[in-house]
Amino acid sequence: MATRNFAIHMIFLSENIVGVLGNVSLLYRYLFLHFTGCRLRGKDLIVEHLLVANILVLLPTGISDTMIPFGWKNFLTDIECKLVFYIHRVARGVSIGTTCLLSVFQAITIGILSTRWAELRVKAPKYIGSSIFLCWVLQLMINIIFTMRVTGNWSNKTITKKKDLGLCCSVFHGRITVLLNTGLSLFPDVLCLGLMIWSSGSMVFILYRHKQQVQHIHRNQISPRSSAEARATQSILVLVSTFVSLYTLSSICFLYVTLSDNPSQNLVIFIAPVTACFPTVSPYILMSRDRRVSTSFLSWIRSR
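Under the annotation held in an unreviewed UniProt entry, the protein chain carries the name Vomeronasal type-1 receptor and is attributed to Equus przewalskii. Database annotation for the protein chain, UniProt heading Sequence similarities (unreviewed entry): "Belongs to the G-protein coupled receptor 1 family." Its UniProt record gives the protein chain the following Subcellular location (unreviewed entry) comment, quoted word for word: "Cell membrane".

Student: Explain the overall build of the protein chain to me, please; I cannot follow it from the model alone.
Tutor: A count of helical and extended segments in the protein chain gives 9 helices and 3 strands. The N-to-C order of helical and strand elements in the protein chain reads α-α-α-α-α-β-β-β-α-α-α-α. Within the span of the protein chain, comprising 304 residues, buried residues form 48% of the whole. Contacts in the protein chain between residues far apart in sequence, at least 24 positions, make up 81% of those at least 6 positions apart. Of the roughly 16,100 Å² of accessible surface on the protein chain, 68% is carried by carbon and sulfur atoms.

Student: Help me understand the pattern of salt bridges in this model?
Tutor: Opposite charge on two side chains lets them pair, provided their charged atoms get close. Summed over the entire model, instances satisfying the criterion amount to 1 salt bridge. The partner of Asp189 in a salt bridge is Arg92, with the nearest N and O atoms 3.5 Å apart. Of the two residues, Asp189 sits in helix α6 (residues 175-218) while Arg92 sits in helix α3 (residues 78-110), which places them 97 residues apart along the sequence. The residues Asp189 and Arg92 share a single accessibility class, namely buried.

The rules behind each value
Residues numbered from 1 in each chain as written. Predicted model: local features only at pLDDT ≥ 70, side-chain atom pairs only at ≥ 80, totals over all residues. Heavy atoms only, no water. UniProt positions renumbered as here; feature names shortened; annotations may be inferred. Helix = DSSP H or I, 4+ residues; strand = E, 2+ residues; numbered from the N terminus. Buried < 20%, exposed > 50% of the residue type's maximum accessible area, 1.4 Å probe, protein only. Contact = heavy atoms within 4.5 Å. Areas by Shrake-Rupley, 256 points an atom, 1.4 Å probe, with all protein chains shown as cover. Salt bridge = Lys/Arg side-chain N within 4 Å of Asp/Glu carboxyl O.

As structure tokens, this is what we get:
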């Protein structure tokens, strides 16, 4: 059992290192483009905030959880537990929200192929900044409630019923309170999930219809702009598909741990690597599809 838990923590450590390096690398490339005067697209701001959120998801829990195999299980104080949990929850929520925003924005962007989307496409970039700001504020406010339920494992407080979450523990306040808190926590996520599924379905339909029109009129000759938008859309579709799959798995585990009075420690340990999967793989999905970022960065390196 101890050997298996140690192996899981080492996998989680490796996953965190790969994820942080990927997110920091891609964020650096976007910031480089920004400060060198390169014209960024509307969705680039969304991607930058997604990368920042991914880093904040990985770093706090990653550093803390990797201490467990070395015997430092109860080293976090009550305040430190609340802070780590709060940052992780806020960043995870922003990661979900920005992925949703990216999917919806791309659906609007390629919707120019239809005349009814034209006006919305022109106005959409103006609301990107305010949408991202609202996403951060919403998550900062919602997760204050859940932070109150978290305490350190070696806290001096006298608590009759606690739930072990690995590094920290959660105070049990009754079944109804747990259900209400869980519902409040999942509502924004489910809403974002629904919007992502809708926007992804719209993008698939629009691309399929456009491909049929292009094949009929131009005999498979696609314009460079259409090709670039198609690549960007495929990248976001892969990103959203990856997110939905991993989020569904982590949500099932999260619900079981939240609603169970005495959750399995194997499952508690397993949740961390599963939750870290999307923040780890998402920058590599974006890098593999966005040639503009890589090309501009490499061109600057060669010119030095």
